[in-house]
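So you can see what is in the structure, the chains are spelled out below.
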Amino acid sequence: MALTLTNFTPVALGSAPATIHVGDDGRVVAEPPAGARVVDCGGRFLSPGWCDLHVHVWHGGTDISVRAAEAGRATGVTAMADAGSAGEASFHGLREYVIDPAAETVRAFLNIGSIGLVACNRVPELIDMRSIDVDRTLAVVEANRDVICGIKVRASGVIVGAWGITPAKIAKRVAEIAGLPLMVHVGEPPPLIDEVFDILSPGDIVTHCFNGKKAGSISDTQALFDQAVRLAGEGVVMDVGHGVASFDFATARRAIERGFLPDTISTDLHLRNIAGPVHDLALTASKLLAVGMGFEACIAAITTRPRGILKIAQADAAAPGARADFTVFGLEESGEVAVDSMGATLALERVLTPSSTVIGASLAPAARRHAAAPS
């Protein structure tokens, strides 16, 4: 059904008009369509649809994944990227049962490990060279270039053990051959985080950039922090990837105070953190607000920047001809206490509160998954 959106405050939308019209075909039009439903946004913010760069939504194909709908519209998210749940051996299932039928736009980073996260950490996807099939991985990329947005590798000791940096190097080479970015999970060694940094190039993505794991964090030494700043300046993407064990308030606050902001804010949402400490993208972005990141920077980090990385950005999302894809949300005073991955707590002065999403000509309600009473 055609829509007319009114009474909103645009953010990250460029030169948006005061009223946005959406035709029956789901595209923005210049004039009010006949019979359009008028949607009063109540003075709330209107942005490009929120985009989560790191989720796990291969539900049924891994033992940690949530359903795409649980990571999506109901919490204000209209686009997302599954970050390596599937490797080459199972990607066909992720595509058929998750990506293609989803109401949201879903892209995927293909795990360099053939089995992906079928039994996450219980059966690591990177045990030895038998875990990787370069030819099959490249073949899956070629057959699915419309939805595969990069190669994913988990470069931390609990996954690779004594194999160290080698899987990350192989993943980087495969990404280079495929002409795609590499998303690399950093954490406890081996390999050391500087070994990972040394193989990255512009366009690659460091996820869990504000983790607090000793010997795996940018906060470990001044040299590591300086290296992270240099890489970011050269075009390496720094992504939050909160997760169950990979976001530390103190690391994030110190970095932001020194002018080092993440490019993208993502949740790493999965079954082991959806009930806490992550909950949803709204709370994750609110945590970054609380440690000093500016409002407009936060919104860019959950809209235009991840959309650009996934190549689903539109030059002017509110211009006639663009496919409608918006999130309506508020910014409310709070006081609730949030928890990071290390168990530290922080009172949130303000929280993002999604109220609805528009995808094409479809309007759907949205809300935070986690709404604790103020304390």
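In the block above lies the structure referred to throughout.
For the structure given in this document, a descriptive report is provided here. (Residues numbered from 1 in each chain as written. Predicted model: local features only at pLDDT ≥ 70, side-chain atom pairs only at ≥ 80, totals over all residues. Heavy atoms only, no water.)

**Examining the sheet that holds strand E9 (residues 105-111)**
Link 1 in the chain: If you trace the seven strands from one edge of the open sheet to the other, you get E7-E8-E9-E10-E11-E12-E13, paired in parallel fashion. Strand pairing shows two members of the sheet lacking a second neighbour, strand E7 (50-55) and strand E13 (237-239), which therefore form its edges. Going from strand to strand, the sheet's axes swing by 25° on average, the running direction of each strand aside.
Link 2 in the chain: Relative to strand E8 (residues 77-83), E7 runs parallel, the two sharing four bridges. Opposite Trp50, over in E8, you have Val77 as the bridge partner.
Link 3 in the chain: In the packing of helix H3 (residues 134-143) onto the sheet, contacts are made with E9 and strand E10 (148-155), and the angle to E10 comes to roughly 150°.
Link 4 in the chain: Along the sheet face, helix H5 (residues 166-178) touches E10 and strand E11 (182-186) and points at about 170° away from the line of E10. (Pairing = 2+ DSSP bridges. Helix = DSSP H or I, 4+ residues; strand = E, 2+ residues; numbered from the N terminus. Axes fitted to C-alpha atoms, helices over the stretch in contact; angles between N-to-C directions. Contact = heavy atoms within 4.5 Å.)

**Some points on the nonpolar core**
Link 1 in the chain: Ranked by size, the top nonpolar core spans 89 residues in total, and within it Phe91, Phe210, Ile265, Leu288 and Leu352 carry the most contacts.
Link 2 in the chain: Those residues in contact with Phe210, other than ones at most four positions away along the chain, are Ile218, Val240, Ser246, Phe247, Asp248, Thr251, Ala252, Ala255, Ile256, Phe260, Pro262 and Leu288.
Link 3 in the chain: By size, the runner-up hydrophobic cluster in this structure holds 16 residues, among which are Phe8, Val28, Cys41 and Ala324. (Core = buried A, V, L, I, M, F, W, Y, C linked by side-chain atoms within 4.5 Å. Buried < 20%, exposed > 50% of the residue type's maximum accessible area, 1.4 Å probe, protein only.)

**Let's talk about the pairing of strand E6 (residues 45-48)**
Link 1 in the chain: Two elements, strand E2 (residues 9-10) and E6, share two bridges in a ladder whose sense is parallel. From the neighbouring strand, Thr9 faces E6, where its bridge partner is Phe45.
Link 2 in the chain: One ladder, built from four bridges, connects E6 with strand E14 (residues 325-333); its direction is antiparallel. Paired with Phe45 across the bridge in E14 is Phe329.

**Some thoughts on the layout of surface pockets**
Link 1 in the chain: In this structure, the largest pocket occupies an estimated 260 Å³ of space.
Link 2 in the chain: At the level of elements, E10 and helix H4 (157-160) are the ones that each hand at least two residues to the lining of the largest pocket.
Link 3 in the chain: Class assignment for the residues of the lining of the largest pocket results in seven nonpolar, eight polar and six charged.
Link 4 in the chain: The volume enclosed by the second largest pocket comes to roughly 160 Å³.
Link 5 in the chain: If you go around the second largest pocket, the residues you meet are Arg107, Arg145, Asp146, Val147, Ile148, Cys149, Gly179, Leu180, Pro181, Ile309, Leu310 and Lys311.
Link 6 in the chain: The residue makeup of the lining of the second largest pocket, split by class, is seven nonpolar, one polar and four charged. (1 Å grid on protein atoms, 1.4 Å probe; cavity = no way out; pocket = protein on both sides within 12 Å on 5 of 7 lines; lining within 4 Å. Points joined across faces, edges and corners; volume = space filled by probe spheres on them. Nonpolar A, V, L, I, M, F, W, Y, C, P; charged D, E, K, R; others polar.)

**Focus on the sheet that holds E6**
Link 1 in the chain: Here five strands make up an open sheet; going across it, the order is E2-E6-E14-E17-E18 and the pairing mixed. A single partner strand is all that each edge strand has here, and the edge strands are E2 and strand E18 (362-365).
Link 2 in the chain: Those strands touched by helix H9 (residues 281-290) are E14 and strand E17 (350-359), and its axis lies near 140° from that of E17.

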